[in-house]
Amino acid sequence: MIRLVYVSAATVPFTDATLAQLLLISRENNTRAGITGMLLYRDGDFLQVLEGEEHAVRETFRRIARDSRHARTLVLDDSAISEREFSDWSMGFRRVSREEMPQGFVDFFDRRFDPETVAQRGGEAITFLRSFRAIA
Ligand code: FAD
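These lines cover the structure that appears in this document, whether it is placed above or below. Note that the structure is predicted; figures quoted are calculated from it, not measured.

Here we come to helix H1 (residues 16-33). If you check H1, its first and last C-alpha atoms are 25 Å apart, about what 18 residues at 1.5 Å a residue would give, namely 26 Å. Among the residues of H1, Leu 19, Leu 22, Leu 23, Ser 26 and Asn 30 are the ones counted as buried. The buried residues of H1 occupy one face: seen down the axis, they fall within an arc of 100°. In H1, those exposed residues whose orientation departs by more than 90 degrees from the buried face are Ala 17, Leu 24, Thr 31 and Arg 32. Its buried side turned inward, H1 meets strand E2 (36-42), strand E3 (45-52), helix H2 (54-66) and strand E5 (92-95). Positive backbone phi, at 70°, marks Gly 34, one or two positions downstream of H1.

Right, here's the structure in full:
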């Protein structure tokens, strides 16, 4: 299995209704493909983790990356895993605000970190996503 974590920026406004529609399709597809994960959305930016069999995750991510509703996709983590961390969700979701960002993390949504240190950010991104797992 693999885990893929990325950030991206919305190119269109996402309302509660359009996010719900996106989640409906994503959850149907992910259930069929055996993919689990979580999607966070903050002020027009996404952070998503996908986990599952390699071919399923890569095929799903290829489709996601082609989606014109977001751009500036940046992969933070692409690694082999032996266990799922988000096994309860075909796609957990949280809309988060700046106020509820956990302390002590680089702001993944703002991409303020140096792109050359992206490779080191994968583990941090997962810890960050984990902190939302309990409350999603
Ligand atoms: P498509 O022909 O691409 O689209 C099917 C339906 O999706 C359309 O009928 C429409 O309702 C909607 N849609 C697609 N593109 C647009 C658009 N540009 N504007 C408005 N509506 C549109 N898919 C997953 O399967 N799993 C995921 O975890 C997942 N996560 C996503 C995360 C983000 C941040 C975004 C932006 C998209 C995500 N998607 C995910 C959606 C994915 O990009 C595809 O749209 C979806 O998988 C359907 O792909 P498709 O080729 O089968 O159908």
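Tracing the backbone through its elements, the reader meets Ser 82 in the loop between strand E4 (70-80) and E5. On a C-alpha basis, the gap between Ser 82 and Arg 3 in space is 9.7 Å, while along the polypeptide they are 79 residues apart.

Further remarks concern the site of the ligand. Close to the ligand lie 18 residues; Asn 29, Asn 30, Gln 48, Arg 63 and Asp 67 are nearest. One nitrogen or oxygen atom from the side chain of Ser 26 is found 3.5 Å from a nitrogen atom belonging to the ligand. Side-chain polar atom of Asp 67 to an oxygen atom of the ligand: 2.6 Å apart, as the coordinates give it. Protein burial of the ligand: of its 920 Å² of free accessible surface, 65% is covered by the chains. For the shell around the ligand, the secondary structure elements donating two or more residues are H1, E3 and H2. The leading source of residues in the shell around the ligand is H1, at 6 residues. Among the residues making up the shell around the ligand, the classes are represented as 7 nonpolar, 8 polar and 3 charged.

Conventions we followed
- Residues numbered from 1 in each chain as written.
- Predicted model: local features only at pLDDT ≥ 70, side-chain atom pairs only at ≥ 80, totals over all residues.
- Heavy atoms only, no water.
- Helix = DSSP H or I, 4+ residues; strand = E, 2+ residues; numbered from the N terminus.
- Expected span 1.5 Å × (residues − 1).
- Buried < 20%, exposed > 50% of the residue type's maximum accessible area, 1.4 Å probe, protein only.
- Arc of directions from axis to C-beta.
- Contact = heavy atoms within 4.5 Å.
- Near = heavy atom within 4 Å.
- Polar contact = N/O pair within 3.5 Å; in protein donor to acceptor, adjacent residues only side chain to side chain.
- Areas by Shrake-Rupley, 256 points an atom, 1.4 Å probe, with all protein chains shown as cover.
- Nonpolar A, V, L, I, M, F, W, Y, C, P; charged D, E, K, R; others polar.

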